[in-house]
Amino acid sequence: MTEQTPWTREEFEAKLRDMEKFYHIHHPMHTLMNEGKLTKKQLQGWVANRFYYQIMIPIKDANILANCPDRETRALWTQRILDHDGHPGDPGGIEAWIQLGIAVGMTREEVTSLKHVLPGVKFAVEAYVNFARNSEWHEAASSSLTELFAPKIHQQRLSNWPELYPWVEEKGYIYFRKRLSEARRDVEHGLEITLDYYKTRAQQERMLEILKFKLNVLWCMADAMYMAYINDMPPYYNVED
């Protein structure tokens with residue numbers, strides 16, 4: 001049996017972009033959010049849980065750097081950690097997300113305590129970090145390509161939230177504005193790594209599996225939040241103390 005012909009660079013990129021149909025923008029949790037149908041408590045729950053993802057992203061990226069022998073790649077990838085953790089002149093994305101938490105009515109301490117993080121969210125995020133820690137660095141790096149689809153979801157929030165959730169303070173939008181430009185820059189680098197590395201058809205199909213894994217992580221996070229905040233069935237809701 002002969003090996004299948006690899007997709008061209010253009011075909012491969014099109015296959016990657018077509019995975020947008022699995023992005024969590026289509027999850028009922030996000031559909032309700034984008035339609036302005038979440039209560040204040042439900043939106044706070046989403047912000048509090050997503051914060052766990054935010055603080056683990058630079059740890060994920062640090063693991064990719066630890067496994068990457070290529071100096072030029074490390075120099076570019078380091079910017080992702082700075083974007084989230086902050087640096088002189090920019091408090092960073094984690095701080096911006098804390099400001100989002102404050103803007104939706106929580107205190108800084110409530111957000112950073114992680115007391116609202118659901119087990120399903122924690123499990124999914126840590127599965128992603130472990131993948132980055134234990135995988136070959138090209139595979140770990142290319143798993144970040146869900147960023148292909150992120151600007152759309154950030155722009156939706158910037159466009160819709162001021163009208164749908166007028167009680168959200170203006171400072172809450174800093175994170176989404178930051179990521180519009182940062183995500184596009186990161187996509188350019190991530191795509192270059194991916195399109196250069198996955199040459200055979202088997203490798204390219206493996207990359208689609210990796211991207212689906214990352215999409216599954218995001219979908220599972222939304223599943224956990226939907227169960228807890230929309231269905232009002234948080235973990236152990238039926239267990240008496």
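Above: the structure in question.
Cut-offs applied
- For every chain, the first residue of the written sequence is number 1, and numbering continues from 1 along that sequence.
- The predicted origin of the model limits local features to residues at a pLDDT of at least 70 and limits the giving and counting of side-chain atom pairs to 80 or more, whereas totals for whole chains, interfaces and linings rest on all residues.
- To get the side-chain values, all heavy atoms of the structure are used, and hydrogens and water are removed first.
- Criterion for a salt bridge: a side-chain nitrogen of Lys or Arg within 4 Å of a carboxyl oxygen of Asp or Glu.
- Every helix listed is a DSSP run of H or I at least four residues long, and every strand listed is a run of E at least two residues long, numbered separately from the N terminus.
- Any residue under 20% of the maximum accessible area for its type is buried, any over 50% is exposed, and the rest in between are partly exposed; the area is computed with a 1.4 Å probe on protein chains only.
- The length a helix should cover is 1.5 Å for every residue beyond the first.
- The angle separating two fitted axes, one through the seven residues that finish at a residue and one through the seven that start at it, defines the bend at that residue.
- Contacts are residue-level and defined by heavy atoms, with any inter-residue pair within 4.5 Å sufficient.

Undergrad: Outline the pattern of salt bridges, listing residues and values.
TA: Close approach of charged atoms allows side chains of opposite charge to pair. In total, this model carries 21 salt bridges according to the counting rule given. Here Lys152 ties to Glu20 by a salt bridge, and the two come within 3.8 Å at their closest N and O atoms. Here Lys152, found in helix H9 (residues 150-164), pairs with Glu20, found in the loop between helix H1 (9-18) and helix H2 (28-34); they are 132 residues apart in sequence, far enough to count as distant. Assessed through its relative accessible area of 46%, Lys152 is described here as partly exposed. Between Glu139 and Arg206 there is a salt bridge, and its shortest N-O distance comes to 3.3 Å. Taken as a pair, Glu139 in helix H8 (residues 137-142) and Arg206 in helix H11 (residues 201-230) lie far apart in primary sequence, 67 residues in all. When its relative accessible area of 17% is taken as the criterion, Glu139 is described as buried. According to the relative accessible area criterion, Arg206 is partly exposed, its value standing at 33%.

Undergrad: Which residues make up helix H10 (residues 174-197), and what are the values?
TA: When the terminal C-alpha atoms of H10 are compared, their 34 Å separation across 24 residues agrees well with the 34 Å that a helix rising 1.5 Å per residue should span. Along H10, the helix axis deviates most sharply at Leu180, where the bend reaches about 30°.

Undergrad: Mind laying out the environment of Met56, listing which residues take part and the relevant values?
TA: Mapped onto the fold, Met56 is located in helix H3 (residues 40-67). Not counting the four nearest positions on each side in its chain, Met56 is found in contact with Val125, Glu126 and Val129.

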